[in-house]
Amino acid sequence: MTGAPMDDTARREIMIRPALPRDVRGINALVEPLAHEGILLGKDLVSFYEAVQEFLVAVDPEGEVVGCGALHVMWEDLAEVRTLAVHASQRGTGLGHRMLEELLQRARGLELSRVFCLTFEVDFFSRHGFEEMGEQLGPELYLQLLRSPDEGIAEFLDLARVKPNTLGNTRMMRRLDG
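Residues numbered from 1 in each chain as written. Predicted model: local features only at pLDDT ≥ 70, side-chain atom pairs only at ≥ 80, totals over all residues. Heavy atoms only, no water.

Trainee: How should the overall build of the protein be read in this particular structure?
Mentor: Secondary structure assignment for the protein yields eight helices and seven strands. Classification of the 178 residues of the protein by burial places 47% in the buried group. In the protein, of all internal contacts separated by at least 6 residues, the share reaching a separation of at least 24 is 68%. With an accessible surface of roughly 9600 Å², the protein has 50% of that area assigned to carbon and sulfur atoms. (Helix = DSSP H or I, 4+ residues; strand = E, 2+ residues; numbered from the N terminus. Buried < 20%, exposed > 50% of the residue type's maximum accessible area, 1.4 Å probe, protein only. Contact = heavy atoms within 4.5 Å. Areas by Shrake-Rupley, 256 points an atom, 1.4 Å probe, with all protein chains shown as cover.)

Trainee: How should the sheet that holds strand β1 (residues 15-18) be read in this particular structure?
Mentor: Strands in a sheet are paired, the pairing made by backbone hydrogen bonds, and the direction either parallel or antiparallel. Across the sheet, seven strands lie side by side as β1-β2-β3-β4-β5-β7-β6; this open sheet has mixed pairing. Sheet topology places β1 and β6 (131-132) at the edges, where each strand pairs with a single neighbour. For strand β2 (residues 55-59) and strand β3 (residues 65-75), the ladder comprises five bridges, and the chain directions are antiparallel. Counted as the bridge partner of L56 is G69 from β3. Its contacts with the sheet place helix α2 (residues 24-36) against β2, β3 and β4 (78-86), and it is angled at close to 85° to β3. The strands touched by helix α4 (residues 95-109) within the sheet are β1, β2, β3, β4, β5 (114-119) and β7 (170-175), with β3 carrying the most contacts at an inclination of about 30°. (Pairing = 2+ DSSP bridges. Axes fitted to C-alpha atoms, helices over the stretch in contact; angles between N-to-C directions.)

Trainee: How do you make sense of the nonpolar core when you look at a structure like this?
Mentor: Across soluble globular proteins, nonpolar side chains show a tendency to be buried alongside one another. Counting residues in each nonpolar core, the largest one holds 24 residues, and the members touching the most others are V81, L84, L95, L100, V115, F125 and F130. At the level of elements, β2, β3, β4, α4, β5 and α5 (122-126) are the ones that each hand at least two residues to this core. Considering every element that reaches this core, the biggest residue donor is α4, with six residues. Excluding residues within four positions of it along the chain, V115 makes contact with L71, A79, V81, L104, A107, F130, M172, M173, R174 and L176. (Core = buried A, V, L, I, M, F, W, Y, C linked by side-chain atoms within 4.5 Å.)

Trainee: What should I look at first to understand the pattern of salt bridges in this one?
Mentor: A side chain of one charge can pair with a side chain of the opposite charge if their charged atoms are brought near each other. The tally for this structure, following the rule as stated, stands at three salt bridges. Between R114 and D77 there is a salt bridge; the shortest N-O distance is 3.2 Å. With R114 in strand β5 and D77 in the loop between β3 and β4, this residue pair connects regions lying 37 residues apart in the sequence. A residue is classified by how much of its surface remains accessible, and R114, at 7% relative accessible area, is buried. Judged by its relative accessible area of 22%, D77 falls in the partly exposed class. Of the charged contacts, one joins R82 and E80 as a salt bridge, the two residues approaching to 2.8 Å between their closest N and O atoms. (Salt bridge = Lys/Arg side-chain N within 4 Å of Asp/Glu carboxyl O.)

Everything listed is a geometric property; what it means functionally is a separate question.
Below you can see the structure in the form of structure tokens.
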């Protein structure tokens, strides 16, 4: 992938679709530099393969992955937007907005009422209706989620064992309209 900006025609031809196993290396290539900067959590390739069905990708006309994002269902009414990233050449083009809207549409299709994110990009998510979390989980939900081995759920619960990975992140939530 080159860092050169794309022309307007190429931007319009960016297609968002469900990720396929063949997209995983492209997702990893997008996430890895952001993980080194501490913006996203790094993951092993196997984790991306295991979660590929949760991902959407944005691909350019040559088929290269230039954006990604995942929706991870956590409970009967709750999901998390994870690993939302766009290639540097696509920042400021609205692709991140398009990706997030597609993920929120997926959540609506699953009849979820709340979507959570853990982010440094507070302004971006605020512009999309997310608010810093003020609501508390009920004790039953907390205890159920506590049983999950998923690191993302541990981050959501703000467990001490994930603190080094999440310091400075903001927990945000958006309620979805019916």
